[in-house]
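# Observations on the model geometry
Chain by chain, the residues run as shown.
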Amino acid sequence: MTLTTESSWTGGALGVNPTLTTEPTFSAQGGIATNAVYSAAIGGESGQAVRVTGVRYFTRAVSGNHWRRAFRVSRVAGTQTAGHAVLILRSGAKNVADVFIRNQNGGQYALRAGAGGTTYMGQSTTATANGEAPWRIEVEYESTGGVHTVRLYLFNPGNNSTSPNDTFTGTTTLPVDDFHILNPTGTTGLTLDVGSVLYEDTGAPIWAGASAPGTLTFLSNIWGSQSSLRVSGKVADATNVTFAVGGNTTTVTPDAAGYFKATLTGLTAGTSHSWEVLVDGVSRRTGSSRTLPSTLNGHRILWGSCFDTYTSGFFANAAARDPDLIAMVGDWSYPYLNGVIASTDLATVRAVKETVLAAAGPQGLFSKFITSYTYSDTDGAGANSDGTWQGFTSGAVQGAYRQQWAHPDLPLADTGARSWVIDKVRFIQTDELTMAADRSATDNSSKSKLGTAQKAWFKAQIDAAKDAHQSVVWFGDGPWLGAASTGGTNNQWTAYSTERTELGAYIAASGVKLIRLHGDTHTLFCDDGTNNQWGGFPTASAAPFHTTANPYGGTVTGGKWPTAQTNSSRQYGIAEFSESLGVLTLNLRGYSSTNSEPTEVERFNMTVDMTPAAVVTYPSFVEVVAGVEKPLQLIEVVGGVEKPMTVEIVS
C-alpha cells in the first residue's frame, strides 16, 4: 500500500508555511479561505496542518469506486454556536454526506448521509475539547452495483492503535466526485487544526485495520559529495523511511530511537536535485539540495559557529547567500551553560539536542544546503570542557553526534574528523575537543588537542595534499593565533602551544598552501599569516551566528569586528573561490548585523592565493644505442674520478 499526501488543492496558496519550505498542503478555494493560516504541528506532523476559524473550505476532486481519506483534527479554541461539517462529500455541486461536529459547545463527531447528507448514522460518545490531542478520522467510500457506501472510522485522542473507537456506515443517493474540507453549515466560533490529508485509492485501510503511518519529527541536516546526498533525521512510530532523488530511491529502517540516515549516489555534481522523504510510504518532506561541484570556480562556502536562539533572522539571511557548503564548527545552540554538563547516558544527550533540531530555522537552513558540522564545548560536553569531561570519556556525546547528524564517512572511530576534495583543494575539518587533554595540564609534547590518532591522520592529510599538489582549507573550532597560555576558558590553541608549534612546522615544511577558518571567538577577524608564528598560514574567524559578539584583543592584519560588545549580533563568513588562467584565489568576507538591521554588513575582505605549488615535469635524457633508447647517464670528473653529475634545475 502506498499512501500519499493530498496536494494541489483548488485555489491559490494561503501563504508561507512557518516550519517547512515545501509546497503547502492546503490552498484556498475561490478566496473563501483567506483567513486560514498554517499551524506549527499536529499529531507529530510538523508543518503539515492548517488552522481555520469561520466559514471556509478547501476542495479536492476524487475519482474511483473505492478509496479512503484520513486526517487529524484538533480543536484549538472557541465555542461552537452551530454544527460544523469537517468533511463534506459531494456529487457535482450537491452535498451527499458529511463528517459533522454535532451539538453546541462540546460536540460529538457524527456521520450524515443520504439525500443532501441529512440522515444521522451515529455519533461519537466522546465530545471534542479545546486543547486536547488530535482525533484521527478515516473515511472510506465504496460504490458497487449502484450502491454508494460511506464509512466513518473515529479514533479518539490518544488512540494510536488500528482499532477505531467508533465506526458508522451510511449510503448516499449519488456517487461522490469531490469533497470539501472544513465547510461549516452555519456560523461557528471554533478554531481547528487539520493535519495533512492522506489518501489511498485502492480502498486499503489507512488507519482502520492497518498500522497508522509514522510521522517525521525532524530532519537534522543534509550532507553530500559531487555524486551523492545523505539525509539524517528522526521519525516516530515508523517502520521505514524512503529517500527519493529524481527517479532513484533508497529505503532504510530507523533505529530503536527513531533515527535514520539515507544516502543516494549516482548524482550529477554541482546540480540542484529535488528530493523527497517518505515515512511508511507517506510523503513527509520535499526539498532541493545542490551536490558539491567538481570545479572550484564560484564555489561558495558559508562558515562559522554559535547560536543561542533558533528563531533568528540569521537562518533566512544565510540561506539567501545560497552557499554550496555550510561549515558549522560548533555551538549548535547552548544546551550546556551555567554548570549544566552532558550526561553519560546516550539517550539523555540525544534528547538535549532534539528541540533545536526540530526548530524551523535550523531545519530550513541545514536540511537545504550541504552542511558539515563538528561540535564545540557548549554543544559538546559542557562549557569550557576538554576531552577529560564525562560526556566525552563515556562516548555518549560522540555516539549521539554520529546518530543524529548526517556526515561523510568518518575515518576515525572516536572523533568527528573528516575530509573531502574538490579539484585542487583538500578540505579538512577537525574535532578539537573530544580527545583534547586537560587544558590546565603542563604544556609539553604529551599534551594534545587532537589526540594521537587524529594528529597522525591530520599529518597524513597534509602529506596527501602535498603528493596530489593540492592546497588545503582547514576548518576548526577556536582560534589558532595568540601567545601561549596555561588553562583558559576558550577553545583556542594557546593552551596547546607545543602541539600547535609542531603542527605549524609540519605544515610549513610540507610547502602546502593552507588557510584555517574557524569560529568560537564571537568575533570577525582575518590575518594574512603575518601574525602566525606557528606555520605562517592565513586564518579567519567568523562567529557568532546569533548571540553576543565581542571584540578580539589580538593583533591581525585584516579587519576585526566588533569594536565593543554587541548584543543579538548575527555574524558569519563567506569564502568564495575564483579561478582564472590557472590562478586560484579565495575571497573571504565577514558579515555582521544586529537584529535591528535589515541586511548584513561586510566587516572584512581578504583575498588569499590558493594556487597549488606548480607541478614541473622535466624531459628525459636518453641516448640511442643500436636503435634502442637507453637512459643517458650524466657524469662529471672530480679529481680525475668519474662521478654521477648532480643537476639542479630551478623553475
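The sections below set out a description of the structure shown in this document. (Residues numbered from 1 in each chain as written. Predicted model: local features only at pLDDT ≥ 70, side-chain atom pairs only at ≥ 80, totals over all residues. Heavy atoms only, no water.)

### Notes on the overall build of the protein chain
Along its length, the protein chain carries 7 helices and 40 strands. Evaluated residue by residue, the protein chain yields a buried proportion of 54% over its 651 residues. Contacts spanning at least 24 positions in sequence make up 65% of the contacts within the protein chain whose residues lie at least 6 apart. (Helix = DSSP H or I, 4+ residues; strand = E, 2+ residues; numbered from the N terminus. Buried < 20%, exposed > 50% of the residue type's maximum accessible area, 1.4 Å probe, protein only. Contact = heavy atoms within 4.5 Å.)

### Notes on the sheet that holds strand S13 (residues 178-181)
An order of S4-S13-S6-S7-S8-S9 is seen for the 6 strands of this open sheet, with the pairing classed as antiparallel. What marks the edges here is a single partner per strand, and that holds for strand S4 (58-61) and strand S9 (119-123). When strand polarity is set aside, the average angle formed by the axes of neighbouring strands in this sheet is 20 degrees. In this sheet, S13 lies alongside S4 in antiparallel orientation, the contact comprising 4 bridges. From the neighbouring strand, Arg60 faces S13, where its bridge partner is Phe179. (Pairing = 2+ DSSP bridges. Axes fitted to C-alpha atoms, helices over the stretch in contact; angles between N-to-C directions.)

### Comments concerning the packing of helix H2 (residues 346-357) against helix H5 (residues 396-404)
Viewed as axis vectors pointing N to C, H2 and H5 meet at an angle of 45 degrees, and their least axial separation amounts to 9 Å. As the angle between them shows, H2 and H5 are arranged oblique. In terms of crossing hand, the pair formed by H2 and H5 is right-handed. Listed contacts from H5 to Leu346, Val349, Arg350, Lys353, Glu354 and Leu357 of H2 are Ala396, Val397, Gly399, Ala400, Gln403 and Gln404. Looking at the contact of H2 with H5 residue by residue, the classes come out as 6 nonpolar, 3 polar and 3 charged. (Parallel < 35°, antiparallel > 145°, perpendicular 65-115°, else oblique. Left-handed = near helix turned anticlockwise from the far one by under 90°. Nonpolar A, V, L, I, M, F, W, Y, C, P; charged D, E, K, R; others polar.)

### Quick notes on the packing of aromatic side chains
The final tally for this structure, using the stated rule, is 33 aromatic pairs. The interplanar angle of 65 degrees and the centroid separation of 5.2 Å between the aromatic rings of Phe314 and Phe315 together place this pair among those described as edge-to-face. There is no split in this pair, since Phe314 and Phe315 are both buried. Look at Trp332 and Phe366: their rings are 4.4 Å apart centre to centre, the planes differ by 40 degrees, and that puts the pair in the tilted class. Of the two residues, Trp332 sits in the loop between strand S24 (325-328) and H2 while Phe366 sits in helix H3 (residues 360-366), which places them 34 residues apart along the sequence. An identical accessibility class is assigned to Trp332 and Phe366; each is buried. (Phe/Tyr/Trp six-rings, centres within 6.5 Å; stacked < 30°, edge-to-face > 60°.)

### A short note on unusual backbone geometry
The amide bond that connects Ala543 to the next residue, Pro544, takes the cis arrangement and shows omega of 0 degrees. Relative to the assigned elements, Pro544 resides in the loop between strand S31 (539-541) and strand S32 (547-549). A cis amide bond links Trp561 with the next residue in sequence, Pro562, at an omega value of 5 degrees. Considering the arrangement of structural elements, one finds Pro562 in the loop between strand S33 (560-561) and strand S34 (566-580). Phi is positive for Cys306, close to 75 degrees, though the residue is something other than glycine.

### Considering the environment of Ala400
Positionally, Ala400 belongs in helix H5. In the structure, Ala400 is positioned 54 residues away from Leu346 in sequence and 6.1 Å away in space, judged by C-alpha atoms.

### Observations regarding the sheet that holds strand S16 (residues 215-224)
In spatial order, the strands read S16-S17-S20; together these 3 strands make up an open sheet with antiparallel pairing. With partners counted over all chains shown, the strands left at the sheet margins are S16 and strand S20 (259-264), one partner each. Put simply, the sheet's adjacent strands are angled 20 degrees from each other on average, direction ignored. Packing against the sheet, H2 makes contact with S16, strand S17 (229-236) and S20, and its axis sits at approximately 90 degrees to S16.

### Let's talk about H2
Its 12 residues give H2 an end-to-end C-alpha distance of 16 Å, which sits within 8% of 16 Å, the value for a rise of 1.5 Å per residue. For H2, every residue scored as buried is listed here: Val349, Arg350, Lys353, Glu354, Val356 and Leu357. Relative to the axis of H2, the buried residues are bounded by an arc of 160 degrees and lie together on one face. Packing partners of the buried residues in H2 comprise S16, S17, S20, H3 and H5. (Expected span 1.5 Å × (residues − 1). Arc of directions from axis to C-beta.)

### Section: the pairing of strand S7 (residues 94-102)
Here strand S6 (residues 84-91) runs beside S7; their pairing, made up of 7 bridges, is antiparallel. Looking across to S7, one finds that His84 is bridged to Ile101. As consecutive antiparallel partners, S6 and S7 are separated by 2 residues, and within that stretch Gly92 has a phi angle of approximately 65 degrees, a positive value. In this structure, S7 lies alongside strand S8 (residues 108-113), joined through 6 bridges in antiparallel fashion. Bridged to Ala97 within S8 is Ala113.

Geometric descriptors of this kind do not, in isolation, establish any biological role.
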